[in-house]
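Listed here are the chains, written in short residue letters.
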Amino acid sequence: DVKVTQSSRYLVKRTGEKVFLECVQDMDHENMFWYRQDPGLGLRLIYFSYDVKMKEKGDIPEGYSVSREKKERFSLILESASTNQTSMYLCASTPGSGPNEKLFFGSGTQLSVL
Amino acid sequence: SQQGEEDPQALSIQEGENATMNCSYKTSINNLQWYRQNSGRGLVHLILIRSNEREKHSGRLRVTLDTSKKSSSLLITASRAADTASYFCATEDSNYQLIWGAGTKLIIKP
């Protein structure tokens, strides 16, 4: 089975800190995604990537950036964390180009910004 | 943008009963997927139904799709305590973008 690993289950950071969330997948998937999940709002796409060094903005990219230097790793960066970025962050991947069928998710990182 | 809307927002039933959740959407789709999320964890893919399909089964899961009404339902038969989770639908639109609903929280009472 595909494994998508997020580096931290829980993180507590202070306002203004630079935060790195790491995601690694082990099945040579082309596509990787970062979502945030807030109660009552479902999943909202922050950024995605269809290839190494390639990134595309999702619905809510403001305040975030990403890095994909290697195919298996997709990092989400909060340049200057703010309290409104307190949320559950979910990384996901899918195998190939074209339709996004069957996303494989990591266990999530619950980020609290104080 | 969020176009999938699950209904109800929350559902509590007795173990052994059937659970039905609905998902409505607004634009034309390539496919519709259902996912499960246990408390505080990542999502797990359950089933995918394509726009040209009307019904699909997987174990105790049955999904229907009515493209004329832009709606889908997920039926879980003979529910178990382990089915307690949140269930999300995601629709893939013609631009291959996935759009998620806010989820239905299902509680199975022993």
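Keep in mind that this is a model prediction, so the values were computed, not measured.

Trainee: What is the right way to read the packing of aromatic side chains from this model?
Mentor: The geometry of an aromatic ring pair is captured by the separation of the ring centres together with the interplanar angle, meaning the angle of the planes. Counting across every chain of the model gives nine aromatic pairs over all chains. Plain terms: the ring middles of Phe33 of chain A and Phe48 of chain A are 6.2 Å apart, the flat faces sit at 25° to each other, and that makes the pair stacked. You can see Phe33 of chain A sitting in strand β4 (residues 31–38) and its partner Phe48 of chain A sitting in strand β5 (residues 42–49), a full 15 residues away along the chain. A relative accessible area of 6% places Phe48 of chain A in the buried class. Taken together, a centroid distance of 5.1 Å and an interplanar angle of 55° make the contact between Phe48 of chain A and Tyr50 of chain A tilted. What makes Tyr50 of chain A partly exposed here is its relative accessible area of 30%. Following the ring pairs from residue to residue traces out a cluster consisting of Phe33, Tyr35, Phe48, Tyr50 and Phe105 of chain A together with Tyr35 and Trp100 of chain B. Between the NZ or CZ atom of Arg9 of chain A and the centre of the ring of Tyr10 of chain A, over which it lies, the distance is 5.1 Å.

Trainee: Looking at this structure, I do not really get the sheet that holds strand β7 (residues 64–70) of chain A. What am I missing?
Mentor: Sheet strands associate in pairs through backbone hydrogen bonding, adopting either a parallel or an antiparallel arrangement. Residue and element names in this part refer to chain A. The strand order β1-β3-β8-β7 describes an open sheet built from four strands, whose pairing is antiparallel. In this open sheet, the two strands that pair with only one neighbour each are β1 (4–6) and β7. Taken pair by pair, the neighbouring strands of this sheet meet at an average axis angle of 20°, ignoring direction. Note that β1 and strand β3 (residues 19–25) share three bridges and pair antiparallel. Bridge pairing links Thr5 to Val24 in β3.

Trainee: For this particular structure, what's the right way to read the sheet that holds strand β6 (residues 55–58) of chain B?
Mentor: Residues and elements named next belong to chain B. Spatially, the five strands line up as an open sheet ordered β1-β3-β8-β7-β6, and their pairing is antiparallel. Edge strands, defined here as strands with exactly one partner in the open sheet, are β1 (5–7) and β6. The sheet shows a mean angle of 20° between the axes of neighbouring strands, direction not considered. Pairing geometry for strand β7 (residues 61–66) and strand β8 (residues 71–76), over six bridges, is antiparallel. Following the sheet pairing, Arg62 is matched in β8 by Leu75.

Trainee: Would you explain unusual backbone geometry in this entry?
Mentor: Negative phi values dominate among residues other than glycine, just as trans dominates among peptide bonds. A cis geometry characterises the amide bond from Asp7 of chain B onward to Pro8 of chain B, with omega recorded as 0°. Of note, Pro8 of chain B is situated in the loop between β1 and β2 (10–14). Within the chain, Lys53 of chain A stands out as a residue other than glycine whose phi angle is a positive 65°. The topology assignment puts Lys53 of chain A in the loop between β5 and β6 (56–57). Despite not being glycine, Lys70 of chain B shows a phi value in the positive range, around 50°. By the secondary structure assignment, Lys70 of chain B is in the loop between β7 and β8. Classification of Lys70 of chain B as partly exposed rests on a relative accessible area of 28%.

Trainee: Mind showing me how you'd approach the pattern of salt bridges here?
Mentor: Side chains bearing opposite charge may pair, as long as their charged atoms lie close to each other. Residue and element names in this part refer to chain A. Throughout the structure, instances matching the rule amount to 10 salt bridges over all chains. A salt bridge links Arg73 to Glu22; the shortest N-O distance between them is 3.9 Å. Of the two residues, Arg73 is situated in strand β8 (residues 73–78) and Glu22 in strand β3; the sequence distance between them amounts to 51 residues. Classification of Glu22 as partly exposed rests on a relative accessible area of 23%. For the salt bridge of Asp38 with Arg36, the shortest nitrogen-to-oxygen distance reads 2.9 Å. With respect to burial, Asp38 and Arg36 carry one shared label: buried. Here the salt bridges share partners, and the residues they tie into one network are Asp28, Glu30 and Lys71.

Trainee: Where do I start with the side chain of Thr109 of chain A in this structure?
Mentor: All names here are of chain A. Locating Thr109 in the fold gives a position in strand β11 (residues 109–113). In this structure Thr109 comes out as buried when scored by relative accessible area, which is 1%. Side-chain polar atoms of Thr109 contact the backbone oxygen of Ser8, separated by 2.5 Å. Not counting residues within four places of it along the chain, the set of residues in contact with Thr109 comprises Gln6, Ser8, Arg9, Leu11, Leu21, Ser87, Met88 and Tyr89.

Rules and cut-offs
- Residues numbered from 1 in each chain as written.
- Chains lettered and ligands numbered in written order.
- Predicted model: local features only at pLDDT ≥ 70, side-chain atom pairs only at ≥ 80, totals over all residues.
- Heavy atoms only, no water.
- Phe/Tyr/Trp six-rings, centres within 6.5 Å; stacked < 30°, edge-to-face > 60°.
- Helix = DSSP H or I, 4+ residues; strand = E, 2+ residues; numbered from the N terminus.
- Buried < 20%, exposed > 50% of the residue type's maximum accessible area, 1.4 Å probe, protein only.
- Lys NZ or Arg CZ within 6 Å of the ring centre and 35° of its normal.
- Pairing = 2+ DSSP bridges.
- Axes fitted to C-alpha atoms, helices over the stretch in contact; angles between N-to-C directions.
- Salt bridge = Lys/Arg side-chain N within 4 Å of Asp/Glu carboxyl O.
- Polar contact = N/O pair within 3.5 Å; in protein donor to acceptor, adjacent residues only side chain to side chain.
- Contact = heavy atoms within 4.5 Å.

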